[in-house]
Amino acid sequence: MQKPAIRGGEPVRKRPFPSWPFSGDDEVREVLEVLREGPWSAGSPKIKLFEEEFASFHHAKYGVACTSGSTALFVSLKALGIGLGDEVIVPSYTFLATATAVIDAGATPVIVDVDPDTYNISPEAVGRAITNKTRCVVPVHLAGCPADMDGVMEHAEAHGLRVLEDAAQAHGAEWGGRRVGSIGDLGAFSFYQSKNMTAGEGGIITSNDEELALLARSLVNVGRDVKKGWYEHVRYGWNFRMTALQAAVLRAQLRKLPELNRRRMESAAYLDKHLSEIDGVRPLSRPPKATAHSYHLYITRVDVRRFGFSTKEEFVKALNAEGIPCNAGYRTLQSYPFIAEKSRIPASTPHADKASREEAVWIPQYVLLGSRDDLEDVVEAFEKLRSGNAG
Ligand SMILES: *Cc1c(COP(=O)(O)O)cnc(C)c1O
């Protein structure tokens, strides 16, 4: 049973939003083929097909499937030769795996602030953080909005840095017509069940660099060399292999992605238009060069005091009580002591702090797959919480 609305009356929304994830005949057919014909893991043609299809969809020559977005990030850093004594620049406002991958690789995360209008890594802040130990930058395409890759690549070229795109939320997103995961040296994607396409778990590394891709393939396969025997390990590695069952589901999910992302973009445009008319609500901006945004999240900035609340958590609770799925999103990376003690942290990150403590409200991607009526309910719930608060 739904809890009563915090601002009184009936909740705006009593029905659930579209459920996520969902599968169709296509997923079932793909999985049955694997179950009946095998192999279920290494050597499966399904895995190879999925890697090729996903990579080419993202304008990348190579794809290396693996167990998760976290392992995709870690293996990418290892393939780049990043380790002890190296510094890797990461945004403060991201999932903690962006930083733990750097720590696990033996290097030091250097945390920088984000842009206040997109919450993506600030190229100016990257510029200020570069030292003679910096080896790599990890732009995160937060919520599915591509980071400013022009700004990031300029610094990388000027200082000889490698670029690893954390595209865990950005399947199908584009910067200037170029799909993410093919702009930097490597891209890391996640197929966790909340993501825009999923097999429950899974990940993939994309690249246009053959040498890096071969190295990544060896690292996820316990240091094997494709041309050598199964027990002829040529380097230190891990078992981070994806199963054929996951690849089968993901082939079907990839075929649905363009249409689902189109609907997410259309719904986001509707929410942008109507929510920005409400005083105290400012949706994040979509830069003109973000020619495709995957809207893994719909993030808006809310001045909760204007709604009569003193904390963001209270606002989120009230919106939830109106039947709208939403949450308060990330804390900053440096707010976790076990990350802070292993990172280099700037004197201040005002924009990431403001996002996490005060203003960022996240609506998950599956809400954007709803009908126009569903979206009207989202807007109406914001309006209801705002009404009667002149502030
Ligand atoms: C989901 C996510 C990851 C990690 O992916 P997993 O598959 O959950 O390991 C990394 N970075 C970002 C930005 C993510 O959203």
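Scroll up to find the structure.
Definitions and limits used
- Per chain, the residues get numbers from 1 upward, laid out in the order the sequence is written.
- Confidence filtering applies because this is a predicted model: local features only for residues at pLDDT of at least 70, side-chain atom pairs given and counted only at 80 or more, and all residues used for totals across whole chains, interfaces and linings.
- Computation of side-chain values: all heavy atoms of the structure, hydrogens and water removed.
- When DSSP locates at least two bridges between a pair of strands, those strands are taken to pair.
- Every helix listed is a DSSP run of H or I at least four residues long, and every strand listed is a run of E at least two residues long, numbered separately from the N terminus.
- What counts as an axis is a line fitted to C-alpha atoms, over the stretch in contact for a helix, and the angles between N-to-C directions run from 0 to 180 degrees.
- Exposure is judged per residue with a 1.4 Å probe applied to protein chains only, and the accessible area is read against the type maximum: over 50% gives exposed, under 20% gives buried, and values in between give partly exposed.
- For this analysis, a nonpolar core means a set of buried residues of the types Ala, Val, Leu, Ile, Met, Phe, Trp, Tyr and Cys, connected via side-chain atoms within 4.5 Å.
- Contacts are assigned to residue pairs with any non-hydrogen atoms lying within 4.5 Å of each other.
- Side-chain rings of Phe, Tyr and Trp, where Trp is taken by its six-membered ring, are said to pair if the distance between their centres is within 6.5 Å; with planes under 30 degrees apart they count as stacked, over 60 as edge-to-face, and otherwise as tilted.
- Placement of a charge over a ring requires the Lys NZ or Arg CZ to be within 6 Å of the ring centre, with the centre-to-atom vector within 35 degrees of the ring normal.

*Asks:* Help me understand the sheet that holds strand 12 (residues 360–364), please; the structure alone is not making it clear to me.
*Replies:* Within a sheet, neighbouring strands are paired by backbone hydrogen bonds and run either parallel or antiparallel to one another. On the basis of which strands lie adjacent, the open sheet formed by three strands has the order 10-11-12 and antiparallel pairing. In this open sheet, the two strands that pair with only one neighbour each are strand 10 (281–283) and strand 12. Taken over all neighbouring pairs, the strand axes of this sheet differ in orientation by 30 degrees on average, direction set aside. The pairing of strand 10 with strand 11 (residues 297–302) spans three bridges and is antiparallel. The residue bridging Val-281 from the neighbouring strand is Val-302, located in strand 11.

*Asks:* Sorry, what's going on with the pairing of strand 11 here?
*Replies:* Moving residue by residue along a regular strand, the side chains alternate between the two faces of the sheet. Across the six residues of strand 11, six count as buried, placing the element largely inside the fold. Burial along strand 11 is two-sided: the face carrying Leu-297, Ile-299 and Arg-301 and the face carrying Tyr-298, Thr-300 and Val-302 are both buried. In terms of strand pairing, strand 11 meets strand 12 through five bridges, oriented antiparallel. Looking at strand 12, one finds that Tyr-298 is bridged to Ile-363.

*Asks:* Please clarify how the nonpolar core should be interpreted in this entry.
*Replies:* Nonpolar side chains in soluble globular proteins generally cluster together in the buried interior. Among the nonpolar cores identified, the biggest contains 33 residues, and Val-75, Leu-77, Val-88, Cys-136 and Leu-164 are the most heavily contacted of them. If you list the elements that add at least two residues to this core, you get strand 1 (62–66), helix 3 (69–79), strand 2 (87–91), helix 4 (97–104), strand 8 (186–190) and helix 7 (210–220). Ranked by residues supplied to this core, first place goes to helix 3 with six residues. Discounting residues that sit within four places of it in the chain, Cys-136 has contacts with Leu-77, Leu-80, Ile-82, Glu-87, Val-88, Ile-89, Leu-161, Arg-162 and Leu-164. Counting residues in each nonpolar core, the second largest holds 31 residues, with Val-281, Val-304, Ala-318 and Ile-363 among its members.

*Asks:* Sorry, what's going on with the packing of aromatic side chains here?
*Replies:* Geometrically, a pair of aromatic rings is defined through the distance of the ring centres and the angle of the planes. Under the definition given, this model contains 18 aromatic pairs. Between Trp-238 and Phe-240, the aromatic rings sit 6.0 Å apart at their centres with planes inclined by 5 degrees, giving stacked as the arrangement. With centroids separated by 5.7 Å and ring planes inclined at 45 degrees, the aromatic side chains of Tyr-336 and Phe-338 adopt a geometry described as tilted. Three or more aromatic residues joined by ring pairs form one cluster here, namely Phe-50, Phe-54, Phe-189 and Phe-191. Directly above the aromatic system of Phe-57 lies the positively charged group of Arg-179, at a separation of 4.1 Å from the ring centroid. Over the face of the ring belonging to Tyr-336 we find Arg-331, whose NZ or CZ atom lies 4.3 Å from the ring centre.

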